[in-house]
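Read off the chains here:
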Amino acid sequence: MKKKKSVVTRYNRWGYIFLIPFAVVFVTFQLIPLCTTIYNSFFENYMSGLRKVGPNFVGLKNYAKLLTEGDLGKYFCNTMIMWILGFVPQIILSLLLSAWFTNPQLRLKGQRFFKTVIYLPNLIMAAAFSMLFFTLFSKGGPVNSILIAIGVFKEPYDFMAHIGSVRGLVGFMNCLMWFGNTTILLMAGMMGIPDSLYEAAEVDGATPGQIFWRVTMPLLKPIFVYVLVTSLIGGLQMFDVPQILTNGSGDPMRTSMTLIMYLNKHLFSKNFGMAGALSVLLLILTGFLSAIVFQVTAKDEVQ
């Protein structure tokens, strides 16, 4: 018995050894920066011209200033609007493509080619993608030239000067960049559903629409919740696309300014206290919204 226990202990030791690289990376690049950020959030620490102010302990004053004097609510609404504009068409398109690719009755040829093509935008850097769209939709860009040539506009339309067009472009770019990744995840979930369930539903006379909503979607719920939560977290961290598209200004009238762009302004001005407080608030907000999603889905499962 002792010999068997020693063998198990020896094998377990290797498991802990293989965990050491992860633990070192996690502590060095995540845990220590997180603790440092929380620590800095309680201090007044910024540059006033060439003079450095602080660090002076101010307690919760940075948090109070963000919640009362800043435009935190406005930037949160901007972020959520642009996330929704990208996520809703993304999830609809991904569901349609997933159902199309996994339907054995269609016998679609060249699936590997199509899967590769739809995933390619996810491999392009967001900065390059933003610069491409900035060039395409500029006043002298090819999109305006085409629209004028076909008679839609008489003069160039300034896409970057209108709230709807800027937000729409950000949402459209996010949809294009991430729908391939979402499609792959949903396909993996659909392929894990037993064919016998579909066959039983067809025998019972269910239509394709009823099979999709009554069989596929309930069984796809864990993957769908995962996609929703990860997309929500990514949406709250939205930065590179609106940053490059609006040159960091969040124009027009800061209606495309996101929470991370607001955070970046504090970091750029070396106001580490306010940046730390905003980071902590963003962490709390992310956890709160994720908890709401899990709570709502858990209630649905109980019912």
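Refer to the preceding data block for the structure.
Caption draft 1: Quick look at the overall build of the protein. The secondary structure content of the protein amounts to 13 helices and two strands. Taken against the 2.2 N^0.38 rule, which gives 19 Å for 303 residues, the C-alpha radius of gyration of the protein at 25 Å runs more than 25% over that of a compact globule. Based on the C-alpha atoms only, the size of the protein along its principal axes is roughly 85 × 75 × 40 Å. Taken over 303 residues, the protein has a buried fraction of 36%. Taken as a whole, the protein presents about 18900 Å² of accessible surface, with 69% of it coming from carbon and sulfur. For the protein, the distance from the average position of its 24 positive side-chain charges to the average position of its 13 negative side-chain charges is 14 Å.

Caption draft 2: Focus on the pairing of strand β2 (residues 51-57). Here strand β1 (residues 43-48) runs beside β2; their pairing, made up of five bridges, is antiparallel. Among the inter-strand pairings, Ser48 is bridged to a residue of β2, identified as Arg51. Hairpin connection from β1 to β2: two residues lie between these consecutive antiparallel strands, with Gly49 at a positive phi of about 70 degrees.

Caption draft 3: Representation of the packing of helix α8 (residues 195-203) against helix α9 (residues 208-219) within the structure. Interhelical geometry of α8 versus α9 gives an angle of 160 degrees and a closest axis separation of 11 Å. Our classification of the angle between α8 and α9 gives roughly antiparallel. For the element pair α8 and α9, the recorded crossing hand is right-handed. For the pair formed by α8 and α9, the contact residues are Leu197, Tyr198, Ala201 and Glu202 on the first element and Ile211, Val215, Thr216 and Leu219 on the second. Partitioned by chemical class, the residues of the contact of α8 with α9 number six nonpolar, one polar and one charged.

So, how was this worked out
- Residues numbered from 1 in each chain as written.
- Predicted model: local features only at pLDDT ≥ 70, side-chain atom pairs only at ≥ 80, totals over all residues.
- Heavy atoms only, no water.
- Helix = DSSP H or I, 4+ residues; strand = E, 2+ residues; numbered from the N terminus.
- Rg over C-alpha atoms; globule rule 2.2 N^0.38 Å.
- Buried < 20%, exposed > 50% of the residue type's maximum accessible area, 1.4 Å probe, protein only.
- Areas by Shrake-Rupley, 256 points an atom, 1.4 Å probe, with all protein chains shown as cover.
- Lys, Arg positive; Asp, Glu negative; His and termini not counted.
- Charge placed at Lys NZ, Arg CZ, Asp CG, Glu CD.
- Pairing = 2+ DSSP bridges.
- Axes fitted to C-alpha atoms, helices over the stretch in contact; angles between N-to-C directions.
- Parallel < 35°, antiparallel > 145°, perpendicular 65-115°, else oblique.
- Left-handed = near helix turned anticlockwise from the far one by under 90°.
- Contact = heavy atoms within 4.5 Å.
- Nonpolar A, V, L, I, M, F, W, Y, C, P; charged D, E, K, R; others polar.

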